[in-house]
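Structural characterization, general
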Amino acid sequence: MSLNRIIGLFLRHFFLIKSSLPRILDLIYWPTIQIILWGFISKFFTAYSDYYNNTVGVILTCAILYDFLFRSSISFNMLFLEEIWSRNFTNLFIAPMRISEIITALVGTALIRTLIGLVPAILITSPLFGISILSLGIPLFFLFLSLYIFGITLGLFVSSGLLRYGPAFENIAWSSLFLLAPLGCIYYPIEILPDFFQNVARGLPLVYIFEEARSILVNQVVNYSNIKNAFMLNAIYLFVGVSLFYYSFSQARKKGSLINIGE
Amino acid sequence: MQKSVIVENLSKNYFKKEAVKEISFTINENEILGLLGPNGCGKTTTIAMMLGLLKPSNGRVVIHGLDIEKNRISLLHKMNFISPYIELPKKLSVKENLIVYGKLYGVKFISERIKYLSEKLRLEEFINKKTGELSSGQKNRVSLAKALINEPSILFLDEPTASLDPETGDFVRSFIEKISKEKKMSILLASHNMDEVKRLCKNVLMMNNGVIIDKGTPGDLIKKHGKKNLEEVFLKLNRNNHELK
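Residues numbered from 1 in each chain as written. Chains lettered and ligands numbered in written order. Predicted model: local features only at pLDDT ≥ 70, side-chain atom pairs only at ≥ 80, totals over all residues.

In globular proteins that are soluble, nonpolar side chains generally tend to be buried together. Counting 141 residues, the largest nonpolar core has A:Leu65 and B:Leu189 as the members making the most contacts within it. For this core, the element with the highest residue contribution is helix 3 (residues 58-85) of chain A, accounting for 15 residues. Excluding residues that lie within four positions of it along the chain, A:Leu65 makes contacts with A:Leu143, A:Leu147, A:Phe210 and A:Ala213. (Core = buried A, V, L, I, M, F, W, Y, C linked by C-beta atoms within 7 Å. Buried ≥ 20, exposed ≤ 12 C-beta atoms within 10 Å, placed from the backbone. Helix = DSSP H or I, 4+ residues; strand = E, 2+ residues; numbered from the N terminus. Contact = placed C-beta atoms within 7 Å.)

Residue and element names in this part refer to chain B. Put simply, chain B has an average pLDDT of 89, and 98% of its residues get 70 or more. Per-element confidence in chain B is highest for helix 3 (residues 94-104), whose mean pLDDT is 96, and lowest for helix 9 (residues 230-244), whose mean pLDDT is 74. Model confidence for the complex: the whole-complex pTM is 0.87, and ipTM, which rates the interface, is 0.86. (pLDDT = per-residue confidence, 0-100.)

Moving on to the packing of helix 3 of chain A against helix 5 (residues 99-129) of chain A. Helix-helix packing is characterised by the crossing angle of the two axes and by the distance between the axes. All names here are of chain A. One way to put it is that helix 3 packs onto helix 5 with a least axis distance of 8 Å and a crossing angle of 155°. Relative to helix 5, the element helix 3 is oriented roughly antiparallel. Between helix 3 and helix 5 lies a crossing of right-handed hand. Of the residues in helix 5, those in contact with Leu-60, Ile-64, Asp-67, Phe-68, Arg-71, Ser-72, Ser-75, Phe-76 and Leu-79 of helix 3 are Leu-106, Thr-109, Ala-110, Leu-111, Arg-113, Thr-114, Gly-117, Leu-118, Ile-122, Thr-125 and Phe-129. When the residues that make up the contact of helix 3 with helix 5 are grouped by side-chain class, the tally is 11 nonpolar, 6 polar and 3 charged. (Axes fitted to C-alpha atoms, helices over the stretch in contact; angles between N-to-C directions. Parallel < 35°, antiparallel > 145°, perpendicular 65-115°, else oblique. Left-handed = near helix turned anticlockwise from the far one by under 90°. Nonpolar A, V, L, I, M, F, W, Y, C, P; charged D, E, K, R; others polar.)

Residues and elements named next belong to chain B. Strand order in this open sheet of 4 strands is 2-1-4-5, and the pairing throughout is antiparallel. Of all strands in the sheet, those bounded by a partner on one side alone are strand 2 (17-28) and strand 5 (66-67). The pairing of strand 1 (residues 3-14) with strand 4 (residues 58-63) spans 5 bridges and is classified as antiparallel. Note on strand 4: the bridge partner recorded for Ser-11 is Asn-58. Against the sheet, helix 1 (residues 43-50) touches strand 1, strand 2 and strand 4, its axis set at about 120° to strand 1. (Pairing = 2+ DSSP bridges.)

All names here are of chain B. Here 6 strands make up an open sheet; going across it, the order is 6-7-8-3-9-10 and the pairing mixed. Only two strands of the sheet have a single neighbouring strand rather than two, namely strand 6 (79-82) and strand 10 (211-216). Neighbour to neighbour, the strand axes of the sheet diverge by 20° on average, direction disregarded. In this sheet, strand 9 (residues 203-208) lies alongside strand 3 (residues 32-36) in parallel orientation, the contact comprising 4 bridges. In the strand pairing of strand 9, Leu-35 is matched with Leu-205. Running at roughly 155° to strand 7 (residues 154-158), helix 1 makes contact with strand 3, strand 7, strand 8 (186-190) and strand 9 of the sheet.

Structure representation (structure tokens):
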């Protein structure tokens, strides 16, 4: 892998963001609105719900974690869509870039895009709602890492579809996470789901990540087996995601979709 | 004369449609080869296979003695491409685009290279402007700068002067002529501009329906078909082919 080429692709997106204030504001705007909305909902539940009355910030913390997942996945997809919209796709694929370098560059750039959006939103939760996500302690790092890996994996699945089917696959990029959200058990325990969906949900790392976040905040108990389960599932999904991306690239070369993808 | 590019029995099928049918040709070092043919005749498909963007159904492309299918990444370092159908990111300045592509192609002294290309292609006055704000002539010169950023030994030019005014078109043609001689490049030029092809190309391939229907020097083709110019040869060959079909 060449660091130079990875930096090159990173710079392509860095230049795009840094030269456009509306783009930066757009990255910050939605997470901030989301967090403020959930902050007030959280405040309401804290005051009127028995379940949440001793657990200020459970909903808000889970909302921040889910938004982190959402932003990381969307960021990855957006980087790919930018190339399609700007009709730069062919230029990118005739440059001597390995698939592994493209994935690495997009993973790094997506993280920066995600943090630009989420850090200001996290910072306002403390003065506005008296809540700090840092109260999750050291496990917070593992939860974020696990969510990021899953977000990137979903990004890889969608980008594989974009590679293979072109811009027609764009709508899937936007809806992919909404499809998983009910099964992710973000704001409620898995027992709420019907039996069949519980079995499906146990196959997703999200259930373990959000279960762990609630366990720390509600019971003040760190259960590393949840984190381990999430990472094991992530490893499987990531392997499938990367393999699918390689396969889609190979298929795109056979079917010719790399030539006219921006058109 | 050393052969930089060898195309052997190259074919591409999309489902049951044969886009390119067993074509073979070579491009020598320091040669500009013209590729002529009507829209949809297989020119872009051929170039895409030569660039490794498209996997051939049959046959192979050998560049500097190496098969593109087995050595795609290392060969792409030595090649580049310009087409009016692909663009550079519009929101990036000219300089930013050249920096990005300099990095992607592993250019060692990017600033010096950009400075050199800016002077040669007269980019200085708009080097810090966003690419999307440029005129089509300026964009064309920027695309050419991007295509030359890695000092390629093989260059693919797909209609490099399409939609340019006569003066800019002439500037681009003169630049291509000059740089190909200076750098001993091998160039494949796909164009609908017959004067351009006659001026730049030593040899010409005429393509239709995915096959090479004739080839030779522009002068020989004009003589062989008893026509006044290359455009008439083009029309005759394509009309014959259409009637045969």
